[in-house]
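Topology and contacts: notes
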Amino acid sequence: MIEEILKDADERMDKTLRALRSELSKIRTGRAHPRLLEHISVNYYGSQVPLNQAASISVLDARTLGVAPWDKSMVTDIEKAILNSDLGLNPVTAGSVMRVPLPALTEERRKELTRVVKSEAEKARIAIRNIRRDANHHIKDMLKEKLITEDEDRRQEDTIQKITDAHIKDVDNILKDKEMELMEI
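Residues numbered from 1 in each chain as written. Predicted model: local features only at pLDDT ≥ 70, side-chain atom pairs only at ≥ 80, totals over all residues. Heavy atoms only, no water.

Attention shifts here to the overall build of the protein. For the protein, the helix and strand inventory stands at four helices and six strands. The N-to-C order of helical and strand elements in the protein reads α-β-β-β-β-α-β-β-α-α. Taken along the three principal axes of its C-alpha coordinates, the protein extends 70 × 40 × 20 Å. Long-range contacts, defined as pairs at least 24 residues apart, comprise 64% of the intrachain contacts of the protein with a sequence gap of at least 6. As displayed, the protein has an accessible area near 10800 Å², and 51% of this comes from carbon and sulfur atoms. Of the charged side chains in the protein, 32 are positive and 34 negative, and the gap between their average positions amounts to 4 Å. (Helix = DSSP H or I, 4+ residues; strand = E, 2+ residues; numbered from the N terminus. Contact = heavy atoms within 4.5 Å. Areas by Shrake-Rupley, 256 points an atom, 1.4 Å probe, with all protein chains shown as cover. Lys, Arg positive; Asp, Glu negative; His and termini not counted. Charge placed at Lys NZ, Arg CZ, Asp CG, Glu CD.)

This paragraph deals with helix α4 (residues 150-183). Between its first and last C-alpha, α4 extends 49 Å over 34 residues, near the 50 Å set by a 1.5 Å rise per residue. On its buried face, α4 sits against α1 (2-25) and α3 (107-144). (Expected span 1.5 Å × (residues − 1).)

A few words now on the environment of M98. Take M98: it is sitting in strand β6 (residues 97-101). Classification of M98 by relative accessible area gives buried; the value is 0%. When the C-alpha positions of M98 and E79 are compared, they lie 7.9 Å apart, and in sequence the two are 19 residues distant. Dropping the residues within four chain positions of it, M98 is found in contact with L65, G66, V67, P69, V75, I78, E79, P91, V92 and T93. (Buried < 20%, exposed > 50% of the residue type's maximum accessible area, 1.4 Å probe, protein only.)

Quick look at the side chain of T164 now. Residue placement: T164 occurs in helix α4. If near-sequence neighbours (up to four positions away) are discounted, T164 is found in contact with M13, I128 and R132.

Let us look at the pairing of strand β4 (residues 64-69). For β4, a buried count of five out of six residues is recorded, marking the element as mostly surrounded by other parts of the structure. Remark: two residues form the turn of the hairpin made by strand β3 (residues 55-61) and β4, two consecutive strands paired antiparallel. Of the strand pairs in this sheet, β4 and β6 are connected by four bridges, and their pairing is antiparallel. Pairing of T64 across the sheet is with P101, part of β6. (Pairing = 2+ DSSP bridges.)

Okay, the sheet that holds β3 next. One open sheet holds the four strands; their spatial order is β3-β4-β6-β5, and the pairing between them is antiparallel. Of all the strands in the sheet, just β3 and β5 (92-94) have a single pairing partner and so form its edges. Geometrically, the sheet is characterised by an average inter-axis angle of 25° between neighbouring strands, direction not taken into account. In this structure, β5 lies alongside β6, joined through three bridges in antiparallel fashion. Residue pairing across strands places T93 opposite M98, the latter belonging to β6. (Axes fitted to C-alpha atoms, helices over the stretch in contact; angles between N-to-C directions.)

If you walk through the whole model with that rule in mind, you get 15 salt bridges. Between K123 and E120 there is a salt bridge; the shortest N-O distance is 3.6 Å. Of the two residues, K123 and E120 both sit in helix α3, three residues apart, roughly one turn of that helix. Looking at E120, the relative accessible area reads 18%, which means it is buried. Between R129 and E122 there is a salt bridge, and its shortest N-O distance comes to 3.7 Å. Note on R129: relative accessible area 33%, which makes it partly exposed. With a relative accessible area of 31%, E122 lands in the partly exposed category. When salt bridges with common partners are traced through the structure, they connect D8, R12, R133 and D134 into a single cluster. (Salt bridge = Lys/Arg side-chain N within 4 Å of Asp/Glu carboxyl O.)

Glancing now at the packing of α3 against α4. Close contact between α3 and α4 brings their axes to 10 Å; oriented N to C, the two are set at 170°. Taken together, the axis directions place α3 and α4 in an arrangement best described as roughly antiparallel. Residues belonging to the contact of α3 with α4 are distributed by class as follows: 14 nonpolar, six polar and 13 charged. (Parallel < 35°, antiparallel > 145°, perpendicular 65-115°, else oblique. Nonpolar A, V, L, I, M, F, W, Y, C, P; charged D, E, K, R; others polar.)

Pasting the structure below:
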């Protein structure tokens, strides 16, 4: 039972780290990456779908993405979706293929993105602490039901804290790496 609680907490904390990495991958750093456009929704035959389901997204060079719609009639809709996104990108259409140049980040924009990255990291830390609280609560319930001793309760709380500290350290490392990536010119 205790092993299940610890395993569940560890798995949920790992999921939180994966979610953080996923969120941070959407924040552009000046280098072209197809995931930058994945969250953009496009009106595709009456329903909203992610851009990567309506077009092929590729990296043309370090600062340019290529978007090739699977349906040629979608070019204008995709162009509007990219223009209206929060990324500040201006696609250039040449026939049925779009080139999306990524402008260099200004110092002010880099600092703003750093604040966003720190906010995402803090949300991950909070989620990890909430998972720790849940695990400790389950251990306390076992103590109340006399399934474990007080010594075992303290040992398990220490174990849960060590798991939490390791995951918080991972969050800090991910944050540091992303900040360095944002600040490099």
